[in-house]
Amino acid sequence: MAGQRKSYDIKGTSQYSRMQDYSSYQPSALGTFSISEDGDFINCNKAKIPTLLDYKLPLNLDEGYNGTEGKDKARETTFPQWEKGLKWIHGSKEGYGSVSSVDIIASRGILKDIGYTNHNQYNNPWKFEACKFKGKVYLRKVDEEEDENEWCIQNSYWGRKFEEYVIQQETGTKATYRMLKGTIGKKTVLLSAEVDAISSDGKYMEIKTCFANKIGVKVPQAWWQSYLGKVDTLYYGLKTRQGMVYNKPTEISMTDALTKYVKKDTANEMIGFTGDVLDWLYGALPDKDETWILEYTGGRQIFLRSTGEKFLPNWYLQFIEGKKEEELVKQVEALTLSHPVN
């Protein structure tokens, strides 16, 4: 029923640090998919993952920013429509066989924001849409434009520009994702996680930019995001206030990040908090095809409210109504998700 509200009271951080040791989260990689430049789904393998480029310094991250084109580029997102993850589930043998024991289906970015709630010094709000259907909770980002100032937009553009300089995408590919399965709290989660690049020796890299004097502030959140996505190395371009990178990027292994920048109690608290919120959410949601808003606005509570609207796309509902696997795979491959089945 629309208008129903529930709330989660945030506990002290020390309580969360005792709930789960961060090292118990050991996700397995189930598969890979890409998004084409036109936004189409491409089921693929490890060979499609972007690689690091050789490049010459300095790098001018502000190049091309002035004008409408640069600002539009800053606002681009490489997160796939959440339906693409559902298509992977039912469009591949690995996907279809992976969900029987899954409780939560989400993107890495969503769990990153939830887990970092108690450590965000600015109390930045977040808002997601949620639904529980046939024993599985689905989480997706709310499709609304963020109110960002010019400086935030410019820095977002610099991050995208740095990626253009340092990684080589497969021709026709815009972004590549891994599907990971692991345990957080008492729940088994299935995550889609974007892969920025893979090194020549097979290490998964998270590509970032940062002001040199802010790296100690930025690494903890980057570590948490990367740990969720089973990344090996943080790869930082240290930028000036003018958007220039003069020095070779700084590489920080996940082990070094934990040793030098992230306390073990903090790592345990982030995964403990995430697990506790997911456990609460799983119990709070009714099992029906209905959209609920999960929202943090600051302070010591997380709110959940019903919109009364449907959540799951019709084509996906058709898949989970008892059809045989081979029928599902054939049907999903014929779908164009920009024009979903009614």
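Presented here is an overview of the structure given in this document. (Residues numbered from 1 in each chain as written. Predicted model: local features only at pLDDT ≥ 70, side-chain atom pairs only at ≥ 80, totals over all residues. Heavy atoms only, no water.)

So, the overall build of the protein
Quick reminder of the rule: Every helix listed is a DSSP run of H or I at least four residues long, and every strand listed is a run of E at least two residues long, numbered separately from the N terminus. When accessible area is computed with a 1.4 Å probe and restricted to protein chains, residues below 20% of their type maximum are described as buried, those above 50% as exposed, and intermediate ones as partly exposed. Contacts were defined at the residue level, with two residues in contact if any of their heavy atoms lie within 4.5 Å. What sets the accessible areas is the Shrake-Rupley method with a 1.4 Å probe; for residues, cover comes only from the shown protein chains.
The helix and strand inventory of the protein stands at 11 helices and 18 strands. The buried share among the 342 residues of the protein stands at 52%. Taking contacts inside the protein between residues at least 6 apart in sequence as the whole, the part at least 24 apart equals 75%. A total accessible area of about 16600 Å² is found for the protein, and carbon and sulfur atoms account for 45% of it.

A look at the sheet that holds strand β3 (residues 41-44)
What counts here: Strand pairing follows a simple DSSP-based rule, namely that at least 2 bridges must link the two strands. Axes here refer to lines fitted to C-alpha atoms; in helices the fit is confined to the stretch in contact. Angles between the N-to-C directions go from 0 to 180 degrees.
Ordered in space as β1-β18-β17-β7-β8-β6-β11-β10-β2-β3, the 10 strands form an open sheet in which the pairing is mixed. In this open sheet, the two strands that pair with only one neighbour each are β1 (5-9) and β3. The average undirected angle you get between the axes of adjacent strands in this sheet is 25°. Pairing of β1 with strand β18 (residues 301-306) involves 5 bridges; the strand directions are antiparallel. Directly across from Ser7, in β18, lies its bridge partner Phe303. Along the sheet, helix α3 (residues 82-91) makes contact with β2 (28-36), β3, β6 (104-107), β8 (136-141), β10 (173-184) and β11 (187-194), crossing β2 at roughly 125°.

Some details on the environment of Asn124
With respect to the element layout, Asn124 can be found in the loop between α5 (108-115) and β7 (126-133). Overall, Asn124 belongs to the partly exposed group, its relative accessible area being 40%. For the pair Asn124 and Asp113, spaced 11 residues apart in the sequence, the C-alpha separation amounts to 9.2 Å.

Some words on helix α6 (residues 150-166)
What counts is decided by this rule: In this scheme, a helix's expected span is set at 1.5 Å multiplied by one less than its residue total. Pairing of N or O atoms within 3.5 Å defines a polar contact, subject to two protein rules: one partner must be a possible hydrogen donor and the other a possible acceptor, and residues neighboring in sequence count only if both atoms are side-chain atoms.
When the terminal C-alpha atoms of α6 are compared, their 25 Å separation across 17 residues agrees well with the 24 Å that a helix rising 1.5 Å per residue should span. Regarding α6, the residues found buried are Ile153, Gln154, Asn155, Tyr157, Trp158, Gly159, Lys161, Phe162, Glu163 and Val166. Capping the start of α6, Asn149 holds a side-chain oxygen 3.1 Å from the backbone nitrogen of Trp151, two or three residues further along.

Let's talk about the packing of helix α7 (residues 215-228) against helix α9 (residues 264-284)
Let me state the cut-off plainly: Angle categories: roughly parallel below 35 degrees, roughly antiparallel above 145, roughly perpendicular from 65 to 115, and oblique for all the rest. Take the far helix as the reference: if the near one is turned anticlockwise from it by less than a right angle, the crossing is left-handed, and if turned clockwise, right-handed. Amino acids are sorted into nonpolar (Ala, Val, Leu, Ile, Met, Phe, Trp, Tyr, Cys and Pro), charged (Asp, Glu, Lys and Arg) and polar (every other residue, Gly among them).
In the contact formed by α7 and α9, the axes pass within 11 Å of each other and the chain directions differ by 50°. Of the possible angle classes, the one that applies to α7 and α9 is oblique. The interaxial crossing formed by α7 with α9 has right-handed handedness. Residues Pro220, Trp223 and Trp224 of α7 touch α9, and the partners they reach there are Ala267, Met270, Ile271 and Thr274. By residue class, the composition of the contact of α7 with α9 is 6 nonpolar, 1 polar and no charged.

Observations regarding the nonpolar core
Selection rule: By convention a nonpolar core is built from buried Ala, Val, Leu, Ile, Met, Phe, Trp, Tyr and Cys residues, the set being connected through side-chain atoms within 4.5 Å.
Ranked by internal contacts, the top residues of the largest apolar core, which has 50 residues, are Ile114, Leu139, Trp223, Leu281, Leu294 and Ile302. Apart from residues no more than four positions distant in its own chain, Leu281 is found in contact with Ala130, Val137, Leu139, Leu294 and Leu304. Counting residues in hydrophobic clusters, the runner-up holds 24 residues, among them Trp82, Leu86, Val99 and Tyr138.

Some remarks on the pattern of salt bridges
Defined as follows: Salt-bridge detection follows one rule: a side-chain nitrogen of Lys or Arg within 4 Å of a carboxyl oxygen of Asp or Glu.
Inspection of the entire model under this criterion finds 13 salt bridges. Across the pair Glu170 and Lys48 runs a salt bridge whose closest N-O atoms are separated by 4.0 Å. Of this pair, Glu170 sits in the loop between β9 (167-168) and β10 while Lys48 sits in the loop between β3 and β4 (51-52), and the two are 122 residues apart along the sequence. Here Glu170 falls in the partly exposed class, since its relative accessible area comes to 33%. One continuous salt-bridge network, built from bridges that share partners, spans Arg108, Glu206 and Lys208.

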